[in-house]
Amino acid sequence: MRSFYNDERVIKTKKLIKTALSELIQEKGFDHVSITDLTQRANINRGTFYLHYQDKYDLLEKFENEVLDDINTNAENYIKSIKDIDFLGEDFSNEIKPFINKIFTYIKENYIIMKVILGPKSDMRFQNKIKKALNILLTEKGWDNYFDSQNTFVTKNYFISYLVSAHIGVIRQWIDSGMNESAENMAEMISTMFFLGPFNSIKNK
């Protein structure tokens, strides 16, 4: 029983610290956030903070890794679900929309966290972590067969770089604009831009 309450208390304390970090980064940027700021905002003492984190950089690193793990899990499930679908087939777009929607839903449900990590005052290093993780994941999960260095003008590495950068750009725009569109609309929009191309996607429905 004591362990249960201790675990619950730890979870609650870490949530308070993370919420404080999110709010403070939005207000003043990470570089200007101090441990005193964090402990005062979370209403905890410094000893409690250092019980869980070495410093604010360790806190941010753990914060980012948790989000990255969630994104990787969603991406892994997404890639596994489409591994037997013809990438160039007509049904591919419809098959992946529910999974793209799931990613946008996750982002919307974790709005404050994602705004810190991918918003205008975010750390570019984390965005590079996402790009690297997705790049590795997509490379390892079966897209190699669609690229032939002798017959394909666009090489695999450039294609994946374009794909990841474009998706992150759209997500950032969605976050910066207050997430007014639904996750479903964003999934539809990004699928359309991906499969039809940016210019064809702006034609009338």
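Residues numbered from 1 in each chain as written. Predicted model: local features only at pLDDT ≥ 70, side-chain atom pairs only at ≥ 80, totals over all residues. Heavy atoms only, no water.

Caption draft 1: Up close: helix H9 (residues 183-196). Counted at 1.5 Å a residue, the expected span for H9 with its 14 residues is 20 Å, and the 20 Å between its end C-alpha atoms agrees. Inspection of H9 places Ala-183, Met-186, Ala-187, Ile-190 and Ser-191 among the buried residues, and these make up the whole buried set. Down the axis, H9 shows its buried residues gathered within 125° of arc, on one side only. (Helix = DSSP H or I, 4+ residues; strand = E, 2+ residues; numbered from the N terminus. Expected span 1.5 Å × (residues − 1). Buried < 20%, exposed > 50% of the residue type's maximum accessible area, 1.4 Å probe, protein only. Arc of directions from axis to C-beta.)

Caption draft 2: Broad picture of a nonpolar patch on the surface. Among the surface-exposed residues, Phe-153, Val-154 and Tyr-158 lie close enough to one another that they form a single nonpolar patch of about 430 Å² accessible area. Mapped onto the elements, Tyr-158 comes out in helix H8 (residues 156-176). You can call Tyr-158 exposed: its relative accessible area is 66%. (Patch = residues over 30% accessible without salt bridge, like charges linked within 9 Å, V, L, I, M, F, W, Y side chains within 5 Å. Areas by Shrake-Rupley, 256 points an atom, 1.4 Å probe, with all protein chains shown as cover. Salt bridge = Lys/Arg side-chain N within 4 Å of Asp/Glu carboxyl O.)

Caption draft 3: Structural view of the packing of H8 against H9. H9 packs onto H8 with a crossing angle of 150° between their chain directions and a minimal axis gap of 12 Å. In terms of orientation, H8 lies roughly antiparallel with respect to H9. The chirality of how H8 crosses H9 is right-handed. On the side of H8, the interface is formed by Phe-159, Leu-163, His-167, Val-170 and Trp-174, while H9 contributes Ala-183, Met-186, Ile-190, Met-193 and Phe-194. Taken together, the residues that form the contact of H8 with H9 break down as nine nonpolar, one polar and no charged. (Axes fitted to C-alpha atoms, helices over the stretch in contact; angles between N-to-C directions. Parallel < 35°, antiparallel > 145°, perpendicular 65-115°, else oblique. Left-handed = near helix turned anticlockwise from the far one by under 90°. Contact = heavy atoms within 4.5 Å. Nonpolar A, V, L, I, M, F, W, Y, C, P; charged D, E, K, R; others polar.)

Caption draft 4: Local environment of the environment of Ile-17. Along the polypeptide, Ile-17 turns up in helix H1 (residues 2-28). Other than its neighbours up to four places away in sequence, Ile-17 contacts Leu-38, Ala-42, Ile-44, Phe-49, Tyr-53 and Leu-59.

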